[in-house]
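Notes for the structure review
Below, each chain spelled out in residue letters.
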Amino acid sequence: MNEEYMGEEAEDRSEEVYTEETYSGDEVDRKLLEFFPGRVVRKDLTALMKRGANVPTFVLEYLLGMYCSTDDPAAVQEGLDRIRNILANNYVRPDESEKIKSKIRELGQYTVIDKVSARLDEYQDIYVAEFASLAIEPFVMPSEYVRNYEKILSGGIWCIMRIEYSRGAEEDDDELDLFSEKPAKKKRKNTKRGPADSPFSVISLSPIQMANLDLDAFIEQRKHFTTQEWIAILLRSAGYEPSALSERERMHFIERMIPLCERNYNLCELGPRGTGKSHIYKEVSPYSILLSGGQTTTANLFGRMNARNASRIGLVSCWDAVTFDEVAGMRFKDENAIQILKDYMASASYARGRDQINADASIVMEGNINDTVQNVLKTTHLFDPFPPEFHNDSAFFDRIHYYLPGWEIPKMRSDLLTSHYGLITDCLSEFCREMRKRDYSTLFNRHFELNSNFNQRDEIAVRKTFSGLAKLIFPDENMSKEDMRWLLEYAIEGRRRVKEQLKIMAGVEFIDVDLGYIDADDKMDVRVIYVPEQSEGTLIPDGPLHPGHVFGIGRSLTEEEAVYKLENRAVDGEFKFEIEGIGSNRAVRDTMDAAFRYFEDSINRVVHGTRAAQKDYLLFFNDLQSKGLSVEVSLAEYVGLCSAAANIPVMPALAIPGIVRLSGTMDPIRNLEDIWRIAKNAGAKKLLLPMSCIKDMQSIPEELMSAVSPEFYEEGNPVAAAKKALGL
């Protein structure tokens, strides 16, 4: 960008000074700076500048990407000062439009920052341009800028432009001779003027928004990042810090982005307030619109009946995503609006007057749940926050492709906001928009088949979700079989959550809720995907679990017996072990590390040929009852690691108490009756116990014995315990 854009009128002002106190770079930052130069920005700098500049975030971040894409503090400060100067002297505010016009006239030339759009006037063979804020009549845009920056023709682009004012010949300042006997010549009335007659013209133009995105070149850079690093980039680009989120929470945040990259995707998210539901659609993408309060009209949403030109189309034809911010407030004066919306969500088209109109906007519906999920499910379904006109309209809710469990997303707090580098939001939004043109919905066909419980709408929903996740996380299509399984299971879960609510509404019509898949390479490997909240009030579901997932019972640090879900996942790697969900608790970390070290020494005695050393292991420690962490579930973690490494699920409805030490020795089971009762109340049907517990079973009440059956293993032998749990 040339120095002339630094502004004609320097102003003395004291600015907030940037410091390095909160920033500590990591490997992802280094790679971003290397492979996406000029397209990355420190997200804390965005927040710093946003406080003093009321400009669109994507414009601000584009400037930050140009001048502050470095880890040199001095260069960053210099870049911030330069951006402040540009915005202070050249940004056009609507209330100062006439003032700027006057400056252009008086100075002859002036530099402005504004959004400009253009259209082709085919009759005069010129491009006609208009500003968003500067109140200048349409003028001619030089063809070279339209050719170089095609986005000018599709909605407009933010630019820094040098504007020139040319005075007309009839504006000569000749003085009138008041004493002349000759009558003054009357000026002819001006004929109708057009864009070509405008005294304003563009001398130079430089975008401060991404004018074009080379999608193939962008996708080519994906190979330089691991899957977890790429997910971190996506989340940081949206302003979130992935290290403060669990793996499941990270997937939920990625799911929110799918409406921006997948055409005609219908997403519903209901949950507590303050979880940032609308942030993506309001701040990150200029191609989505947020309807605050959820209220709109049929004409606004779908266009006016029998209208022509611009009034003929509505929001669904103008935007990539239309978001209803509060579903409880969705109100339509026209009773047919819901039927039109229902038709559009199913077919991506709608009828207005005599025309059938196609559109590809995604529909996002957000709202609040004012009670715990468990309490809601005791009396009604999870679509209950919708207004009365939607209640029990199973056909409408059947159009929803994914139900995002907002109650699993943490409330926004300062540690969830990143201070690291991310892609500028304009780059992220352009990437998402360009990916809408691609289809990844059939990529999993070579490895997996959907089971017989899928109907057509179920399949469309799951394939769209899978496609969106793949576009975001694996845009280069370089996915392993396990990567596909991971995305497919997440996609199925969200659709099953919809089906479970439909079963409550309509009963037998939606009885086939056991959605799952079949491994195409092993037809005997059939898996059904469950939703954690739909377990009839129990913590431990009766159906099969994912490999690596186990339920342990142990005494919490607050001396209460509790149930914990240990979610292990094995991915290709170098035998590293990462733990999430325990914070900085050293005692719990040590017990989990002990289980991992014994797993390292003994896995081949449990299952031969697992190649466990060629994988990394990720553990999420889930305190289901919020009773505090426990140091007494190391045997359950050992079994979970064996399950993840061998890709074999544990027995359904199994609870595992017990402690295994680094040496492989085991502590005796204490308080057996309390453990048995906890297992029964949590919904377990089986309890993994050592043979030494047989002598203590005489004191166990019959009601507990009949509800939960013991599964015995050799005393003091963790390997035998793991084999029993895996059914080997």
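What you see is a predicted model, and the numbers here were worked out from it, not measured in a lab.

Some details on the side chain of T591
With respect to the helices and strands, the residue T591 is situated in helix α20 (residues 586-606). Here T591 falls in the buried class, since its relative accessible area comes to 13%. A polar atom in the side chain of T591 sits 2.7 Å from the backbone oxygen of V588.

Brief notes about the sheet that holds strand β16 (residues 516-519)
With antiparallel pairing, the three strands of this open sheet are ordered in space as β15-β16-β17. Looking at strand neighbours, the two that pair on one side only are β15 (448-450) and β17 (522-528), the edges of this open sheet. Averaged over all pairs of adjacent strands, the angle between strand axes in this sheet comes to 25°, irrespective of strand direction. Relative to β16, helix α19 (residues 481-506) is tilted by about 155°, and along the sheet it contacts β15, β16 and β17.

What to know about the pairing of strand β3 (residues 126-131)
The side chains of a regular strand alternate, residue by residue, between the two faces of the sheet. β3 sits mainly inside the fold: five of its six residues count as buried. Where strand β2 (residues 109-121) and β3 come together, six bridges link them in antiparallel fashion. Looking across to β3, one finds that S117 is bridged to E130. Linking β2 to β3, which pair antiparallel, is a turn of four residues; within it D125 sits at a positive phi near 60°. Bridge analysis of β3 against strand β4 (residues 139-141) gives three bridges, and the strand direction is antiparallel. Bridge pairing links A129 to F139 in β4.

Quick word on unusual backbone geometry
In this structure, N647 is a non-glycine residue whose phi angle is positive, near 60°. Along the chain, N647 turns up in the loop between α21 (634-646) and β22 (654-657). Judged by its relative accessible area of 30%, N647 falls in the partly exposed class. A positive phi angle, near 60°, is found at A653, a position not held by glycine. One can find A653 in the loop between α21 and β22. On the accessibility criterion, A653 (2% relative accessible area) is buried.

Reading the values: the criteria
Residue positions are counted from 1 within each chain, in the order its sequence is given. This being a predicted model, a pLDDT of at least 70 is required before a residue's local features are given, and a value of 80 or more before pairs of side-chain atoms are given or counted; all residues contribute to the totals for chains, interfaces and linings. The basis for every side-chain value is the complete set of heavy atoms in the structure, and neither hydrogens nor water enter the calculation. Working definition: helices are DSSP H or I runs of at least four residues, strands are E runs of at least two. Numbering for both runs from the N terminus. Here the term buried applies to any residue with accessible area under 20% of the maximum for its type, exposed to any over 50%, and partly exposed to those in between, with areas from a 1.4 Å probe on protein chains only. Here a polar contact is taken to be a pair of N or O atoms separated by no more than 3.5 Å, where protein atoms must pair a possible hydrogen donor with a possible acceptor and residues adjacent in sequence count only if both atoms sit in side chains. If DSSP finds at least two bridges between two strands, the strands pair. Here an axis means a line fitted to C-alpha atoms, over the contact stretch when the element is a helix, while the angle between two N-to-C directions is reported on a 0 to 180 degree scale. Residues are treated as being in contact if the distance between any of their heavy atoms lies within 4.5 Å.

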